[in-house]
Amino acid sequence: MAQEQPATANLVIQQGPQAGKRVEIWKDCTTIGRSRECDIFLEDVTVHRKQASIVYTEAGYMLRDDHGGNDSIVNGRPVKTQLLRDGDKLLFGNTLLTFFSHEATRQFQQPSSRGKESLLAKSLDPNASAIAKLDFTNMQGLSRSFELQPQVTIGRSRDCDIFLEDIAVSRLHATIRQLPDGGYELEDHRSVSGTLVNGRPVSRCRLNEGDIVQIGVSKLTFRRS
């Protein structure tokens, strides 16, 4: 069975029936084609059922043509195998994709909050109603806070509001949502490794001041300030 890799690369479809869609490369061998059995399904009749694969190697991500028709194109040139670089243009049939990559091997990172940087930089107004947040402290003692919106997703997918780069974390691991009374509830999405609150596994629970949420190796403390 293919081993999952940290989410360090993705493809953005630039042209074709699925233009604008982004898909992550998260396995050591990711198949691409018109078959729904492929990891990346392209809705394009000009694409072969099993067109190509992106293989995770020590040197980085490599594109491998699986059809043998000389029609897997990288930067305008047909290839049989090609080590991919950030920004490479891939063409399969009428579908054009751009490959984006970070370093294939890197140390475990702190969680990141997508699109919330402007909120995190603001000081809290003591006269305003209580703001809920998650406090995270890594092993080196560096702290970071994430202000909670009415609904916040947590997981290993970069589409999540709080991205945890940890292979023990599911792509969509959990959601924290605000309740009608102003409180917050955490829901685990049947994740493989589970979600702990104060050391106990939960599927759904209301969060209280000081609760410690553990997802993978990350521990986040719920605060109202």
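Here is a short report on the structure shown in this document. Along each chain, the written sequence defines residue order, and numbers are assigned to residues from 1. Reporting of local features is limited, given that this is a predicted model, to residues whose pLDDT is at least 70; pairs of side-chain atoms are given and counted only at 80 or more, and all residues count toward the totals for whole chains, interfaces and linings. Side-chain descriptors were evaluated using all non-hydrogen atoms of the structure, hydrogens and water having been removed beforehand.

Notes on the sheet that holds strand β5 (residues 52–57)
Judged by pairing direction, the sheet is mixed, and its five strands sit side by side in the order β4-β3-β5-β6-β9 without closing on themselves. If you trace the sheet from one side to the other, it starts and ends with β4 (40–41) and β9 (81–83), each paired once. Relative to β4, strand β3 (residues 29–33) is paired through two bridges, and the arrangement is parallel. If you follow Gly33 over to β4, its bridge partner there is Phe41. Any two strands between which DSSP finds at least two bridges are classified as paired. A run of H or I in DSSP counts as a helix once it spans at least four residues, and a run of E counts as a strand once it spans at least two, with each numbered from the N terminus.

Considering the side chain of Asp65
Structurally, Asp65 is set in strand β6 (residues 60–65). Here Asp65 sits buried without a salt bridge, and the closest side chain of opposite charge, Lys80, lies 7.9 Å off (N-O distance). Among the polar contacts made by the side chain of Asp65, one reaches the main-chain amide nitrogen of Gly68 at a distance of 2.8 Å. Every residue pair with non-hydrogen atoms within 4.5 Å of one another is taken to be in contact. If we skip the residues at most four places from it in the chain, Asp65 touches Gln51, Ala52, Asn70, Asp71, Ser72, Val79 and Lys80. Using a 1.4 Å probe on the protein chains alone, a residue whose accessible area is under 20% of its type maximum counts as buried, one over 50% counts as exposed, and one in between counts as partly exposed. By the counting scheme adopted, Arg and Lys are positive, Glu and Asp are negative, and His together with the chain ends is not counted. Here, a salt bridge means any Lys or Arg side-chain nitrogen found within 4 Å of an Asp or Glu carboxyl oxygen. Nitrogen and oxygen atoms within 3.5 Å of one another constitute a polar contact, given that in protein one can donate a hydrogen and the other can accept it, and given that sequence-neighbouring residues count only through two side-chain atoms.

Overview of the pattern of salt bridges
Tallied over the entire structure, the rule returns 10 salt bridges. A salt bridge links Asp66 to Arg64; its shortest N-O distance comes to 2.8 Å. Exposure remark for Asp66: the relative accessible area of 26% places this residue in the partly exposed category. A single salt-bridge network, built from bridges that share partners, covers Lys133, Asp135, Glu209 and Arg223.

Topic: the nonpolar core
By size, the foremost hydrophobic cluster in this structure holds 21 residues, and its most contacted members are Leu134, Leu148, Ile176 and Leu207. Contributing elements (two or more residues each) for this core: β13 (132–137), β15 (151–155), β17 (174–178), β18 (184–188), β21 (204–207), β22 (212–215) and β23 (218–224). Ignoring any residue separated from it by four or fewer positions in sequence, one finds Ile176 in contact with Leu134, Leu148, Pro150, Gln151, Val152, Ile154, Tyr184, Glu185, Leu186 and Leu207. Each nonpolar core is a collection of buried residues, namely Ala, Val, Leu, Ile, Met, Phe, Trp, Tyr and Cys, held together in the definition by side-chain atoms within 4.5 Å. If you look at the next biggest cluster of nonpolar residues, it comprises 20 residues, including Ala9, Leu42, Ile54 and Val79.

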